[in-house]
Amino acid sequence: MIPAQFDYVRAGSLGEAVQELAADEDAKVLAGGQSLLPLLRLRLAYPSKLVDVGRLPELTGVHDRGDHVFIGAMATHDEVLRSGVVNADCPLVAQATATVADPAVRHRGTFGGSLAHCDPAGDLPAVVLALEGVFVARSAEGEREIPAAEFFVDYLESALGPGEVLVGVRLPKLGAGWGYHYEKFHRTAQSWATVGVAAAVKRSNGAIEEARIGLTNMGPTPVRARVVETALRGMQMGDDVRRACEEAAAGTSPPSDLHAQPDYRRHLARVLTHRAILHAAGSP
Amino acid sequence: MTEVGKARKRKEDRRLLTGHTQWTDNLRQPGMLHVMFLRSPMAHARITRVDVSAARDLPGVVAAFGGQDFAAEQGSLPCAWPVSEDIVIPDHPPMAVSEVRYVGEAVACVVATDHYLAADALEAIEVDYEPLPAVLDMNEALAPDSPKVHEAGNQAYTVKITSGDVEAAFRDAPVVIDRTYIQQRLIPSAMEPRAVLAGTDGDSFTLWSSTQIPHVLRVMLAVVTGIPEHKIRVIAPDVGGGFGSKLQVTAEEVLCLLLTKRLGKPVKWTESRSEGNLTVHHGRDQIQHLRLAAEADGRIRGLQVELLADMGAYLMLVTPGIPMLGASMFNAIYKMDAYEFGCTGVFTTKMPTDAYRGAGRPEATYGIERVMDELAAELRLDPLEVRRRNWIKHDEFPYTTISGLTYDSGNYEAATDKAMALFGYDKLRAEQADRRDRGDPVQLGIGVSTFTEMCGLAPSRMLGAANYGAGGWEHGSVRMLPTGKVEVITGTSPHGQGHATAWSQITADALGVPFEDITVLHGDTAIAHKGMDTYGSRSLTVGGIAVLKACDKVKDKARKLASHLLECAPDDLEFAEGVFKVKGTDSQKTIQELAYAAFTAHDLPEGVEAGLDSDATFDPENYSFPHGTHLCAVEVDTETGMAKIRSYVAVDDVGAVVNPLIVEGQIHGGIAQGVAQALYEEAVYDSEGNLLTTTMADYLLPTAMDLPDFVTDRTETPATSNPLGAKGVGEAGTIASTPAVVNAIVDALRPRGIHDIQMPCTPERIWRALR
């Protein structure tokens, strides 16, 4: 790796990290480095300074907080995967995390880093969006909470301000009756999702009571398939579900790249949404 | 003590796997400087100005040069294979001087005290370009009004070969299959990127390079730069794969040599992966038009092949010859009365193409094996049945094919029967029928590939007849040391093939010495003083035999010495397990004792020189012809277009096997690489000639996670062209697997009226075909 020159600071405390970032608007936060370092290597990014938040205790660990799970921004994908509370109460996060790249990346890459990077092809943004997680951020002014629906602003752009550090994400425990599935379509095991669908479905008396669907790589940000969610409410499993899922791409603006053109991505969103709903509803 | 045939773990692996390798990039020399190249962002442009002055002034920068600075001494990169009378070989300056013809062509360089500073300084170089039109499409390039890549036009050469009465074969033919296939452009992706280190003592030069061809490179560096050959030493240290991409004389090798000459200091260059995707020669890239005439029962009457082959912007070492390696292979294992092969080499403003694993033979095999499936479908016959009706039968060998090669041996029946049994062919056909009947969204396809290839490059006289610029022999040398240990020197240049192990096994058997007592030396022109290096599945069938011949010479000498010391006639000695014994007595000498006696030279017979060592070369009389039957089952999800390999059976006949583990490894890797062409890999240029696939996120390579367990087995029909009976294995898997996979995908989709999917068969392409 031969990046352009930059300064490096390993923050000793969250306060110090925030100060470093506030003092230099071209500074970037270095978490696990799995997205930032390739950008540096390809000289697509020229940060003046990297503020390494790797050793800040406030950002680490996965915590059971009763009605929600708090995942520290610096928890690695591997820690998340091995967390009992994530597997028990947020299995959708575990499912999606298991599809992230490969073991080497999952041991270095972090939950918060991949969310703050705001790559719409990343798997976790759609999941946190569907679960309606809450982002906790810290700046010199203090701490604030950002709902998932407001966090993903644009392609590679989050709601975090220049002097702000993501501390972690609060994920509500949805409780009994919910089923989950992350359906990822990608060409090789290590490639990003061409399209991914994160689904959480609550059933009561056989019918779908509520469905939440997050779409990966169907636009510059992760998006909810609201039309389908609305249509599914109260629906019995069967052909109607398939028909409802035909609207999965409504309102999306999927990208065109070497792996897929927009019309194909729209088609995939329909097929994969149906599959995700069936799995999440427990009747594939 | 039979070593040949034993599944020995490779003696190289401990070092390779534990980080004790000497990759070129690991090497350090006192005072070493780092080189980086500025590369053209334009596919085609006139260079109007290169200003390196700002870069030269930066801290740590020792020198910076543009193409003009090398113009007087850099020569032209060589093309060693002018395949036709009409060939146009354009000047190919290692660093562009006045015009660039592909994105990535070097236009300037920086030499600095470390590579960070060199990379920073590159950004300070100013180059002005006057854009010229890119030439990207082969058909358009051949149009009279097309912009030109070179002054002489866009046609590099034309070749036409005819055998038999083609017109008669097609006249009134009951069946004619007419298909056009695209062999997409591929990027060879060796694990170790290229690297070069050049040093000088002021008078002579040493060049370390991650190359497959230290010997060829040395000759060519002398020719290109004018530095006398005896002043150049080339060393290929550990080399992490090549797949043909390091069978090249590269601009960077020449320029690093010139830089060390100019600066008097060692200079090193290591490419990044993205730089490599742009500037390592590419592979394949042909448009293949095939017409096959057949009888109503499926017997082939004749075959016509017309190729357009993308040369890229220049002709590199064997660029024009690559399609010609397929010229005699389209007829494959089949009998026919007439054959015509035509090829037009075309210049485009892209990276030049050249050898990539299989080199011409995968392309040919793909074309014919795809068309054989089409013939079967047309006649509603099982694809294996159509092949059976056409292939050369076991009792017909040796057989001279329509394209003029004489296949010495083969047993297509045995390989196919074995593969069908392992695959469960009939059961899978039944499942396929069932899924079709049920309208299952996941359809099953079965792909067949009964391939052969020509290996063991190559008989020198045949290369001469093909106007190739060198011979095809190989050199081996064996020396017994005073203590009875053995050094083997080979002219082959392994870069992952395991020659140190295999050559030790051959030598251990031939001399009756322990495997552990043998060291194999290679890859340094000062140690292995002659050789033709490693490519084209040639190392064992040519280089291994040279080692065997050298062992025979050592043994002959040892026998003379033993007969002298034991006071008997040479014929009275029997040799077994390293011991010469006077028949019917206890009187004997071990080969180690004889090595010591030859070393002390106290008592040598008349006319015998000191030392127990020898040199030998081997020049094969014929190519060798590995073959095999590969069967592939693919599940195609018709809702998403995703094709997934469910099972894969490969039965290969590579003749006699020296080390089954190495053979297994070659077959596995080869299949993976062929599958990659079928499903994943494609070098994509945009409409302005920019390469879009410069990272592994865009240029997809499968990993173990994407591939099924391969079931592999062998039949063993020895080659008659060499004393081991070996045929070569380095490319077999790659050649066989690509058509097997695509045939399976098309087989799954055929009821939907689909008879081709363009490679790579991406889910999107399959989905579009299904719509």
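Values in this document were obtained by computation on a predicted structure and should not be read as measured data.

Undergrad: Help me understand unusual backbone geometry in this model?
TA: Both trends apply: most residues other than glycine have a negative phi, and most peptide bonds are in trans. Residues and elements named next belong to chain B. Going from phenylalanine 397 to proline 398, the amide bond is cis rather than trans, its omega being -5°. Along the chain, proline 398 falls in the loop between helix H11 (383-390) and strand E16 (399-400). Of note, the bond from leucine 457 into alanine 458 is cis; its omega dihedral lies within 30 degrees of zero at -5°. Along the polypeptide, alanine 458 turns up in the loop between strand E18 (442-452) and helix H14 (460-465). For aspartate 533, which is not glycine, the phi dihedral falls at a positive 75°. The residue aspartate 533 is located in the loop between strand E21 (518-521) and helix H16 (539-565) in this model. The phi dihedral of glutamate 567 is positive, around 55°, even though this residue is not glycine.

Undergrad: Sorry if this is basic, but what is going on with the packing of aromatic side chains here?
TA: What the rule picks out here adds up to 18 aromatic pairs over all chains. Ring centres of B:Trp81 and B:Tyr468 lie 5.2 Å apart, and the angle between their planes is 75°; on these two criteria the pair is classed as edge-to-face. On the criterion of sequence distance, the pair formed by B:Trp81 in the loop between strand E3 (61-66) and strand E4 (99-100) and B:Tyr468 in the loop between H14 and strand E19 (474-480) is long-range, its members being 387 residues apart. The pair formed by B:Trp81 and B:Tyr468 is uniform in burial state, with each residue classed as buried. With 4.5 Å between their ring centres and 40° between their planes, B:Tyr407 and B:Phe625 make a pair best called tilted. Here B:Tyr407 is found in strand E17 (residues 406-407), whereas its partner B:Phe625 is found in the loop between strand E25 (612-618) and strand E26 (627-637), with 218 residues between them in sequence. Here B:Phe625 falls in the buried class, since its relative accessible area comes to 1%. Ring pairs connect the aromatic residues A:Phe135, A:Phe151 and A:Phe152, which therefore count as one cluster. The positively charged end of B:Lys11 is found above the aromatic ring belonging to B:Phe515, 4.6 Å away from the centroid.

Undergrad: Where do I start with the interface of chain B and chain A in this structure?
TA: Interface size is commonly expressed as the accessible area that is lost once the parts come together. Each side of the interface is counted separately: chain B has 32 residues, and chain A has 29 residues. Summed over both sides, the interface of chain B with chain A buries roughly 2,400 Å², with 58% coming from carbon and sulfur. Contact with chain A buries area across many residues of chain B, yet B:Glu639, B:Leu700 and B:Glu764 alone supply 21% of it, more than any other trio. Where chain B packs against chain A, one counts six salt bridges. Linking chain B to chain A there are 14 residue pairs in polar contact (both at pLDDT 80 or more). Only helix H3 (115-122) and helix H20 (763-770) of chain B provide two or more residues apiece to the side of chain B that touches chain A. Taken together, the residues of the side of chain B that touches chain A break down into 16 nonpolar, seven polar and nine charged.

What counts, and where the lines are drawn
Residues numbered from 1 in each chain as written. Chains lettered and ligands numbered in written order. Predicted model: local features only at pLDDT ≥ 70, side-chain atom pairs only at ≥ 80, totals over all residues. Heavy atoms only, no water. Helix = DSSP H or I, 4+ residues; strand = E, 2+ residues; numbered from the N terminus. Phe/Tyr/Trp six-rings, centres within 6.5 Å; stacked < 30°, edge-to-face > 60°. Buried < 20%, exposed > 50% of the residue type's maximum accessible area, 1.4 Å probe, protein only. Lys NZ or Arg CZ within 6 Å of the ring centre and 35° of its normal. Contact = heavy atoms within 4.5 Å. Buried area = accessible area lost by both parts, 1.4 Å probe. Salt bridge = Lys/Arg side-chain N within 4 Å of Asp/Glu carboxyl O. Polar contact = N/O pair within 3.5 Å; in protein donor to acceptor, adjacent residues only side chain to side chain. Nonpolar A, V, L, I, M, F, W, Y, C, P; charged D, E, K, R; others polar.

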